[in-house]
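Tertiary structure, described
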Amino acid sequence: ADHIMDYPVNPDLMDWKSLFPAFDCDKQQVQFLDIGCGYGGLLVTLSTMFPESLILGIEIRVKVSDYVINRISALRENHPHQYQNIACIRTNAMKYLPNYFHKGQLQKMFFLYPDPHFKRSKHKWRIINTTLLAEYAYILAELGLVYTVTDVKDLHEWMVKHFTEHPMFTRVSDEENTLDPVVKVMTDCSEEGKKVTRNQGDKFVAVFRRIKDPYET
Ligand code: SAM
């Protein structure tokens, strides 16, 4: 349960070196974050696309995060000098993000096929909501990007509404998205994305940019 979850009091107290032993974590911070990373398909894909960037997956289910942790160790063993830049931790992304990340630290955040929580009474559990968007804006760098994809039209419209109504985000145009290599891979590289493809489901993509804070000089 949640109450036994371990988390750092602040980002400087996090032991990043043990997650990324091949990198100098005094000089380099996590820049890409996959929220609710599931079985880790996106992490594995991004690892080779961005070998110099540190990429972290966050997953709340113990068995699933253990699976991803083992998957990454096996990849590191079987491919020397590769997959050193990805890691997974178990935590609740709706509660502890500011404990892990400094203001403006992240370049990219991913929400791939987040749990839809269909019922109206459960909407407060959606990982995109007004309160959490303020947190995401805080840990994202200026001009940092948030990538979302879902097969649930109602959730897509919900995410678009919340991000576009929020003063710190603007939606990236479809035209610009076609030029982004990340958008090309993100709909299909995760385990959930592959399942949606197999079932010939819809895929609704939306990308948002963290704009400059008008109150900051
Ligand atoms: N992104 C993955 C993919 O595309 O294959 C997984 C999608 S799955 C439908 C949603 C994932 O989010 C689940 O693995 C779930 O355990 C995780 N999750 C849900 N709420 C979370 C939270 N508050 N913090 C971290 N992970 C969460």
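Along each chain, residue indices are assigned from 1 in the same order as the chain's sequence is written. Under the rules for a predicted model, residues below a pLDDT of 70 receive no local features and side-chain atom pairs below 80 are neither given nor counted, while totals for whole chains, interfaces and linings still include all residues.

1. Re the overall build of the protein chain
Stated precisely, the cut-off is as follows: The numbering of helices and of strands both runs from the N terminus, where a helix is a DSSP run of H or I of at least 4 residues and a strand a run of E of at least 2. C-alpha atoms define the radius of gyration, and 2.2 Å times the number of residues to the power 0.38 defines the globule rule. Any residue whose C-beta has 12 or fewer other C-beta atoms within 10 Å is treated as exposed, any with 20 or more as buried, and any in between as partly exposed, C-beta atoms being built from the backbone. A pair of residues counts as a contact when their C-beta atoms, built from backbone coordinates, are within 7 Å of each other.
Scanning the protein chain for helices and strands turns up nine helices and seven strands. A compact globule built from 217 residues would reach a C-alpha radius of gyration of about 17 Å, and the protein chain, at 17 Å, matches this within 12%. Expressed along its principal axes, the backbone C-alpha trace of the protein chain runs to roughly 50 × 40 × 40 Å. Residues classed as buried in the protein chain amount to 30% of the 217 residues present. A sequence separation of at least 24 residues applies to 77% of the contacts in the protein chain between residues at least 6 apart.

2. Side note on the nonpolar core
Spelled out, the test is: Residues of type Ala, Val, Leu, Ile, Met, Phe, Trp, Tyr and Cys that are buried and joined through C-beta atoms within 7 Å form what is called a nonpolar core.
Ranked by size, the top nonpolar core spans 45 residues in total, and within it Leu-33, Met-109 and Phe-110 carry the most contacts. Apart from residues lying up to four places away in sequence, Leu-33 is in contact with Leu-56, Ile-58, Leu-106, Met-109 and Phe-110.

3. Digging into unusual backbone geometry
Generally, phi is negative for residues other than glycine and the peptide bonds are trans, each holding for most cases. Even without a glycine there, the phi angle at His-117 is positive, about 45 degrees. Among the secondary structure elements, His-117 is positioned in the loop between β4 (106–112) and α5 (130–139). A count of 16 C-beta atoms within 10 Å places His-117 in the partly exposed class.

4. Regarding the UniProt feature "binding site: S-adenosyl-L-methionine" (unreviewed entry) in the protein chain
Defined as follows: UniProt positions are given in the numbering used here, feature names are shortened, and annotations may be inferred rather than shown by experiment.
Residues given the UniProt feature "binding site: S-adenosyl-L-methionine" (unreviewed entry) here are Gly-36, Glu-59, Ile-60, Asn-92, Ala-93, Leu-112, Ser-190, Glu-191 and Glu-192. Overall, Leu-112 belongs to the buried group, with 23 C-beta atoms counted inside 10 Å. Discounting residues that sit within four places of it in the chain, Leu-112 has contacts with Leu-42, Val-149, Met-186, Ser-190, Glu-192 and Gly-193. Checked against the element boundaries, Glu-192 lands in helix α9 (residues 191–198). Residue Glu-192 is classed as partly exposed on the basis of its 19 C-beta neighbours within 10 Å. Excluding anything up to four places from it in sequence, Glu-192 contacts Gly-38, Leu-112 and Tyr-113.

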